[in-house]
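Residue-level structure breakdown
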Amino acid sequence: MIKILYFSWVREKLGISEELLKTKANNIKELIDELRSKDEKYKLAFADLDIIRIAADQKLVDIEYPLKNVSEVAFFPPMTGG
Amino acid sequence: MIKILYFSWVREKLGISEELLKTKANNIKELIDELRSKDEKYKLAFADLDIIRIAADQKLVDIEYPLKNVSEVAFFPPMTGG
Amino acid sequence: MKVILQREVFDPGQIINKFQCDLKNVGAVVNFTGIVRNNKELNLKKLHIEHYPEMTRHSLAEVQLSSKKRWNLQDSLIIHRFGDLEINEPIMMVMTAAKHRHEAFNAAEFLMDYLKSRAPFWKKEFTNDGSEWVLSTEDDENSLSRW
Amino acid sequence: MKVILQREVFDPGQIINKFQCDLKNVGAVVNFTGIVRNNKELNLKKLHIEHYPEMTRHSLAEVQLSSKKRWNLQDSLIIHRFGDLEINEPIMMVMTAAKHRHEAFNAAEFLMDYLKSRAPFWKKEFTNDGSEWVLSTEDDENSLSRW
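Before going into details, it helps to say that this report is about the structure given with it. Note that the structure is a prediction, hence the values are computed from the model and not measured. (Residues numbered from 1 in each chain as written. Chains lettered and ligands numbered in written order. Predicted model: local features only at pLDDT ≥ 70, side-chain atom pairs only at ≥ 80, totals over all residues. Heavy atoms only, no water.)

Now for the pattern of salt bridges. For side chains of opposite charge, pairing can occur when their charged atoms come near one another. Applying the stated criterion to the full structure yields 27 salt bridges over all chains. A salt bridge links Lys3(B) to Glu18(B); the nearest nitrogen and oxygen atoms lie 3.9 Å apart. Of the two residues, Lys3(B) sits in strand S1 (residues 2-6) while Glu18(B) sits in strand S2 (residues 18-21), which places them 15 residues apart along the sequence. Overall, Lys3(B) belongs to the partly exposed group, its relative accessible area being 29%. Judged by relative accessible area, which is 44%, Glu18(B) ranks as partly exposed. A salt bridge links Lys18(C) to Asp22(C), with the nearest nitrogen and oxygen atoms 2.7 Å apart. One salt-bridge network, held together by shared partners, links Arg101(C), Glu109(D), Asp113(D), Asp140(D) and Arg146(D). (Salt bridge = Lys/Arg side-chain N within 4 Å of Asp/Glu carboxyl O. Helix = DSSP H or I, 4+ residues; strand = E, 2+ residues; numbered from the N terminus. Buried < 20%, exposed > 50% of the residue type's maximum accessible area, 1.4 Å probe, protein only.)

This paragraph deals with the arrangement of the chains. Interchain contacts are distributed over 3 pairs of chains, and the most extensive set of them lies between chains C and D. Between chain A and chain B there is no contact, and the shortest C-alpha to C-alpha distance separating them is 29 Å. The two partners chain A and chain D share no contact, and the minimum distance between any of their C-alpha atoms is 10 Å. (Contact = heavy atoms within 4.5 Å.)

Another point: the interface of chain D and chain C. One widely used convention gives an interface's size as the accessible area the parts lose upon coming together. Counting residues at the interface gives 36 residues for chain D and 36 residues for chain C. Across the interface of chain D and chain C, roughly 3100 Å² is buried in total on both sides, 48% from carbon and sulfur atoms. Summed over the shared surface of chain D and chain C, the result is 4 salt bridges. Two residues, Asp140(D) and Arg101(C), come together in a salt bridge whose shortest N-O distance is 2.8 Å. Linking chain D to chain C there are 21 residue pairs in polar contact (both at pLDDT 80 or more). When residues of the side of chain D that touches chain C are traced back to their parent elements, those giving at least two are helix H1 (12-21), strand S2 (28-35), helix H3 (101-118) and helix H4 (138-143) of chain D. By residue class, the composition of the side of chain D that touches chain C is 12 nonpolar, 14 polar and 10 charged. Bridge analysis of strand S2 (residues 28-35) of chain C against S2(D) gives 7 bridges, and the strand direction is antiparallel. Within S2(D), the position partnered with Asn31(C) by the bridge is Asn31(D). (Buried area = accessible area lost by both parts, 1.4 Å probe. Polar contact = N/O pair within 3.5 Å; in protein donor to acceptor, adjacent residues only side chain to side chain. Nonpolar A, V, L, I, M, F, W, Y, C, P; charged D, E, K, R; others polar. Pairing = 2+ DSSP bridges.)

Okay, here's the thing in structure tokens:
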């Protein structure tokens, strides 16, 4: 089981801020494909991966990052703090 | 008549912080030569011109600066404020 | 070194004095304060900041540690607010203390560049016409590459 | 824009809050505070600062004006003390306010580089062994050339 978090407009497009998922995805890319296949909402939220940032266990990673031993994945737009 | 100001160790070496001088010097260089010829103290204070900074009417200038229309000249070491 | 994340408004002067009071034999202190300013249309009602608390804490503590080593800082402090903010209120603050000014300036700028592009905060502007997420700028995305 | 030259100690936090309070629609405020630190031998008793008041005022007001134009500052403030100072007391402060952080940071660093090498202040260290004028550093003499 993996915990998935969504922030900012990714969260708003999906209507949820987190979910638990049983997945066989080997990396983030496969996880996104799996999410996209679930529901139209996910297709929309993940339409343009250039404006999606990814954290695995609270570290920024890229789309090829392997999910082995990862317990928390987060998807969000580029940061705008400060 | 020109007003001459001295600061920091230049002031201390000369033992005065300012003086009025009647001079025919055309530029700062000539003014320094004139001062040097006055007294041993001036020779010592102006021994190394690399470590002397000059202001004419409160603007930093170099040794060739003409004295025409200048009413106040200041001599001091490199600044160490801030 | 400290990271403070809070909803409440803070008093920059008070925090700066407290920070400086705790320093020992430091010559240079640099402070950056980010303030809520109006949008281009001048109709901002409030700014909302969402964040990812656990990741913020981890990543800021880590970057503080690496900046401490790199610029020989004696201390640094990061405060960042979340929730609803009004125009002219402080959003965040970075403070750095070092022996010399270049170290303190560089570390503060680095921490700011990091915060802008790598710390998980997102701003949303609320106006009379509705609300919109602030877009990241090219400049903020690229600033970190100079370090 | 203001230049303040004073003998008395000042309260950095109070001045920062006052400065920020008077700003309108500014996003970034940078503050640098210089603090008296001990000498290498750790036997500093006091620091004395001599200056050339008329020239200081003129030159700082002029450089403030040019930095305002160059970095589109909304405001800036320079405070510098003279006379006798104790360890850990603030020596001086530079504040800048702009829309964006790079402008505020650059202007503050420029003003500091100017202050260090062009403003007529001289520091003298008093220890148990006597007193000595602080020497200018190559670095301070050259820092201004980057702008």
